[in-house]
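Structural features, examined
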Amino acid sequence: MDDDFAPQVRSILRAARERDVAGGRVSVDPRSLGAAVADAKADGRVPVIAEVKPTSPTTEGERRDDPVELAEAMVAGGASALSVLTEPEHFGGSTANLERIRAAVDVPVLRKDFVVREAQLDAVEADVVLLIARFVGDDLGRLHDAARERGFQVLVEVHDREEVARALDAGAEYIGVNNRDLAELDVDLGTFEEVAPAVPDDVTLIAESGITSPADVRRMRAAGADALLVGSAIMDGDVAANTEALVNAEVVEST
Ligand SMILES: O=C(O)c1ccccc1NCC(=O)[C@H](O)[C@H](O)COP(=O)(O)O
């Protein structure tokens, strides 16, 4: 299976498989992601999940600002929820960052990492955890159940319609379609447009990766996205202003 992935992704997976977790089982009382998305829609804001992403295999350099200050600026810019990278080797993240951010803000916080074993769910409390269908293979249902038993909401990330079917079999209530192809690391917003019709209306559907402008936001929303997960375009420059521009992408100017 790993041969299908770009070398950077194979390296991420190797590191994920080797990462140990000390400590006991977590039990989470989560802030509702569904309610945060619904509140934004009711206010005429685009539901944006802004990502604290210090670096990545496809980003040059690393943003070294205090992650809590970045997170607070994203919330000030209108983000409905945050995604926080906890993967240390390739994304400059940490579980400590997530703990500090979750204590500082009142919006739901997604733990963005590459969980491949049940024990890794216990690394830190978060409102939502990510499971990547392509990485966990046949373990998706078991890991989804294990995460739900701990109280987490679960975002299942998919890249094609076959993975949507597997996510639904696992009981997914939140599905993210990643526009970034983990085999090649190419980004194509057409992926979301192709896959979204396979997701039932009662699932909260999130468009992930490659969203860089208000026009991209409108394109993903027109294709059925309930919410958008945006990292690089928010992290590049003034994070509050960048978030605000995407959150207000559907505001019609009155003259
Ligand atoms: O972002 C990367 O370079 C990357 C490389 C390999 C595997 C995963 C990667 N990103 C993970 C993500 O899911 C994104 O951080 C997230 O969807 C935001 O994407 P973007 O808005 O394009 O930064």
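Details of the structure are given in the entry above.
This structure is a prediction, so every number in the text was calculated from the model and none was measured.

**Notes on the site of the ligand**
Near the ligand you find 19 residues, and of these Glu51, Lys53, Thr58, Lys112 and Ser232 are the closest. Between an oxygen atom of the ligand and a side-chain N or O atom of Lys112, the distance comes to 2.6 Å. Its free accessible area being 510 Å², the ligand has 97% of it covered by the protein chains. If you map the ligand onto the pockets, it falls in the largest pocket. Every element with two or more residues in the shell around the ligand is listed here: helix H1 (7-18) and strand E8 (227-230). Among the residues making up the shell around the ligand, the classes are represented as eight nonpolar, six polar and five charged.

**Here we look at the layout of surface pockets**
Space inside the largest pocket adds up to approximately 380 Å³. What lines the largest pocket is a set of 29 residues, among which Lys53, Phe91, Lys112, Arg180 and Ser209 lie closest to the centre. Contributing elements (two or more residues each) for the lining of the largest pocket: H1, strand E4 (128-132), E8 and helix H11 (232-235). Of the residues in the lining of the largest pocket, the class split is 15 nonpolar, eight polar and six charged.

**Focus: empty space enclosed by the protein**
Within the structure shown, the criterion is met by two cavities of 30 Å³ or more. The space that makes up the largest cavity amounts to roughly 50 Å³. Surrounding the largest cavity, Ile132, Arg134, Glu157, Val158, His159, Glu163, Asn178, Arg180 and Leu182 form its lining. Residues of the lining of the largest cavity, tallied by class, amount to three nonpolar, two polar and four charged. Size it by volume and the second largest cavity reaches roughly 40 Å³. Residue lining of the second largest cavity: Leu33, Ile49, Ala81, Leu82, Pro108, Val109, Leu110, Val128 and Leu155, and that is the complete set. Elements that contribute at least two residues to the lining of the second largest cavity include exactly strand E2 (81-85) and strand E3 (109-112). For the lining of the second largest cavity, the per-class residue count stands at nine nonpolar, no polar and no charged.

Analysis parameters
Residues numbered from 1 in each chain as written. Predicted model: local features only at pLDDT ≥ 70, side-chain atom pairs only at ≥ 80, totals over all residues. Heavy atoms only, no water. Near = heavy atom within 4 Å. Polar contact = N/O pair within 3.5 Å; in protein donor to acceptor, adjacent residues only side chain to side chain. Areas by Shrake-Rupley, 256 points an atom, 1.4 Å probe, with all protein chains shown as cover. 1 Å grid on protein atoms, 1.4 Å probe; cavity = no way out; pocket = protein on both sides within 12 Å on 5 of 7 lines; lining within 4 Å. Sits in = over half its atoms within 2 Å of the grid points. Helix = DSSP H or I, 4+ residues; strand = E, 2+ residues; numbered from the N terminus. Nonpolar A, V, L, I, M, F, W, Y, C, P; charged D, E, K, R; others polar. Points joined across faces, edges and corners; volume = space filled by probe spheres on them.

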